[in-house]
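Structure assessment
Residue strings, one per chain:
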Amino acid sequence: MNASRGNWSSSFGFVLAAAGSAIGLGNIWRFPYTVGQYGGGAFVLVYLAFVALIGVPVLYAELSVGRSTQRSAVGAFKELVPDTWWPAVGGLGVLCGFGILSFYAVIAGLTLSYVYMAVLGRFTGGGLTGEQSAQVFSELTSNPVATVTLTGAFLLLTAWVVRGGIQGGIERAARILMPIFFGILLLLVMRAVTLDGAGEGLRFLFAFDFSKLTAAAIVSALGQALFSMSLGMGAMITYGSYLGRDENLPKAGITVAIFDTGLAMIAGLMIFPTLAYAGAEPTGGPPLIFIVMATIFDTMPLGSFFAVAFYGLLAIAALTSTISLLEVIVAYFVDERSWSRKKAVWSVTAACFALAVPSALSLGAVDFFTQMAGGQGFLGLANIVFGNYFLSIGAVFICLFVGWKWGVSSAVAEMNRGGQLFGAPLWGVLVRFVCPVAVLIVLVYAALTNSYL
Ligand code: PHE
């Protein structure tokens, strides 16, 4: 192992950091509003199928490439197949990480402001009506100074952790933040499922109404599965590259997958009963959790505590994910360009901030950015391009690479070094055939019908 690159202290350290990457706004912000938009249980079922049939196999593909080479997204391909065009797949991933980080940091920045408002007691002591809550949200998002500053602040926070390196920065942050995260979540779920109307919310999450299962819903379920598990852009190649050779990779991988998927479901258990309790519609789109959740804290005992806890939870979840996004890009400059970690962190953060500004201004502050892409706005467009298309394209190439170029047997041998991959032949079939074909079909369909827009 190349000690100067850094490594996780143990596979437990890896699991915490990788689960921290996977669990994020994708689970608590994107998943609930997407389930809401596509009608509930049927979407959830397709999402779960994609996680099992595509997410888990791609996760193993990425982790084995990363660990076997001990190099980050681009370098890993260079090492396995020098003098080919394959490293470009890693390059696409680095670019994608940059794109995702630029809009993700904007939403993450909003969580900071909501924590602050919750601490000030904005959501309690009289409470907010739905309209007032929408007003609070739009006042915040249409204030250019606020959104840009919050985005910058979140990026700085991320940079500060990543600057600390693998064990001293990323793993340490995960060890501190993840237990706090689970503690808060447990409290919030217990609160939510004991609210009046909880049953109705749960029915929405679990009732399979197949008439709601449109093609657009299927396309989004795939995008969501990849996004949520941080797949398709080399984050798991990079995190896998810091994993010791003798650690049990199959076990660590499945643990991360179970945590991430379990968490999306738990976030659903927290949010849908709360929505039903508030009498709110789940179809509100991206602002859903900000606007609706803010209205209910006043109606619960210990509301101000739960308000701070909820938005704090969002901020923590977002931070352990932005850390991984930044690390993918930083690791590229450190490994491939021999930059110092410090130089890489600050230059990448500054560049990312520049791309984040139009996203930050696209939530109402500047009309041009807000209205572009048929009303999706700059942030919405970045979410679609990087969060759906790039990730799907990346996942196809990673499967093709592992399945046909590097080879299933090499990957399985790598995984079996410190553990035993259960169902290895099935995994081989999934990476070679099922995953690339299924993702390609969805991608082509999405592009032809513009389903993401
Ligand atoms: N998985 C993260 C989430 O669910 C987002 C993410 C995507 C992080 C891709 C890293 C890479 O919020």
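Parameters at a glance
- Residues numbered from 1 in each chain as written.
- Predicted model: local features only at pLDDT ≥ 70, side-chain atom pairs only at ≥ 80, totals over all residues.
- Heavy atoms only, no water.
- Axes fitted to C-alpha atoms, helices over the stretch in contact; angles between N-to-C directions.
- Helix = DSSP H or I, 4+ residues; strand = E, 2+ residues; numbered from the N terminus.
- Parallel < 35°, antiparallel > 145°, perpendicular 65-115°, else oblique.
- Left-handed = near helix turned anticlockwise from the far one by under 90°.
- Contact = heavy atoms within 4.5 Å.
- Nonpolar A, V, L, I, M, F, W, Y, C, P; charged D, E, K, R; others polar.
- Buried < 20%, exposed > 50% of the residue type's maximum accessible area, 1.4 Å probe, protein only.
- Core = buried A, V, L, I, M, F, W, Y, C linked by side-chain atoms within 4.5 Å.
- Near = heavy atom within 4 Å.
- Polar contact = N/O pair within 3.5 Å; in protein donor to acceptor, adjacent residues only side chain to side chain.
- Areas by Shrake-Rupley, 256 points an atom, 1.4 Å probe, with all protein chains shown as cover.
- 1 Å grid on protein atoms, 1.4 Å probe; cavity = no way out; pocket = protein on both sides within 12 Å on 5 of 7 lines; lining within 4 Å.
- Sits in = over half its atoms within 2 Å of the grid points.
- Salt bridge = Lys/Arg side-chain N within 4 Å of Asp/Glu carboxyl O.
- Patch = residues over 30% accessible without salt bridge, like charges linked within 9 Å, V, L, I, M, F, W, Y side chains within 5 Å.

Let's talk about the packing of helix α10 (residues 215-228) against helix α18 (residues 424-449)
Where α10 meets α18, the closest approach of the two axes is 10 Å, and the angle between their N-to-C directions is 125 degrees. As judged from the angle between their axes, α10 and α18 are oblique. Two packed elements cross with a definite hand, and for α10 against α18 that hand is left-handed. Taking contact as the criterion, the partners of Ala-215, Val-219 and Leu-222 in α10 are, on α18, Val-439, Val-442, Tyr-445 and Ala-446. Its residues placed into classes, the contact of α10 with α18 shows seven nonpolar, no polar and no charged.

Observations concerning the environment of Ser-359
Relative to the helices and strands, Ser-359 resides in helix α15 (residues 341-360). Exposure remark for Ser-359: the relative accessible area of 0% places this residue in the buried category. Along the chain, Ser-359 and Tyr-116 lie 243 residues apart, while their C-alpha atoms are 22 Å from each other. Contacts of Ser-359, omitting those with residues within four sequence positions, involve Ser-102, Phe-103, Val-106, Phe-378 and Leu-379.

Section: the nonpolar core
Soluble globular proteins: nonpolar side chains tend toward being buried together. Counting residues in hydrophobic clusters, the biggest one holds 167 residues, and the most contacted among them are Tyr-311 and Trp-427. No other element matches the 20 residues that helix α14 (residues 303-337) contributes to this core. Residues contacting Trp-427, with those up to four places away along its chain left out, are Pro-57, Tyr-60, Ala-61, Val-402, Val-408, Ala-411, Val-412, Met-415 and Leu-421.

Some remarks on the environment of Val-328
Here Val-328 shows up in helix α14. With 91 residues separating them in the primary sequence, Val-328 and Ile-237 have C-alpha atoms 8.7 Å apart. Excluding anything up to four places from it in sequence, Val-328 contacts Val-94, Met-233, Gly-234, Ala-235 and Thr-238.

Things to note about the site of the ligand
Taken together, 14 residues sit near the ligand, with Ala-22, Gly-26, Tyr-104, Phe-227 and Ser-230 positioned nearest. Asn-27 is positioned with one of its side-chain polar atoms (N or O) 3.4 Å from an oxygen atom of the ligand. Protein coverage of the free-state accessible area of the ligand, which is 330 Å², stands at 100%. With respect to the pocket detection grid, the ligand is positioned in the largest cavity. Secondary structure elements with two or more residues in the shell around the ligand: α1 (11-22), α2 (25-37), α10 and α14.

Some points on the pattern of salt bridges
This model, assessed by the stated rule, comprises eight salt bridges. Close ionic contact of Arg-341 with Glu-327 constitutes a salt bridge, the shortest N to O distance being 3.0 Å. Here the residue Arg-341 occupies a position in helix α15, and Glu-327 occupies one in helix α14, the gap between them amounting to 14 residues. Glu-327 shares its class with Arg-341; the two are buried. Among the salt bridges present, the one from Arg-417 reaches Glu-414, with a minimum N-O distance of 3.1 Å. Overall, the relative accessible area of 5% leaves Glu-414 in the buried class. Here the salt bridges do not stand alone but share partners, grouping Arg-71, Lys-78, Glu-79 and Glu-336 into one network.

Describing a nonpolar patch on the surface
On the surface, Leu-186, Leu-187, Met-190, Leu-302 and Phe-305 cluster together to form a nonpolar patch covering roughly 520 Å² of accessible area. Of the residues forming the nonpolar patch, the biggest block, three residues, is contributed by helix α8 (residues 166-193). Within the element layout of this structure, Met-190 appears in helix α8.

Quick word on unusual backbone geometry
Glycine aside, residues mostly have negative phi, and peptide bonds are mostly found in the trans state. Backbone geometry at Asp-83 places phi at a positive 60 degrees, although glycine is not the residue there. The residue Asp-83 is located in the loop between α4 (73-80) and α5 (87-119) in this model. Its relative accessible area of 82% is what places Asp-83 among the exposed residues. One non-glycine residue, Ser-338, adopts positive backbone phi at about 55 degrees.

Observations concerning the side chain of Thr-261
Note that Thr-261 resides in helix α12 (residues 249-278). The buried category is assigned to Thr-261, whose relative accessible area is 12%. For Thr-261, the side chain forms a polar contact with the main-chain oxygen of Ala-257, separated by 2.9 Å. With residues up to four places along the chain from it excluded, the contact list for Thr-261 reads Tyr-47, Leu-48 and Val-51.

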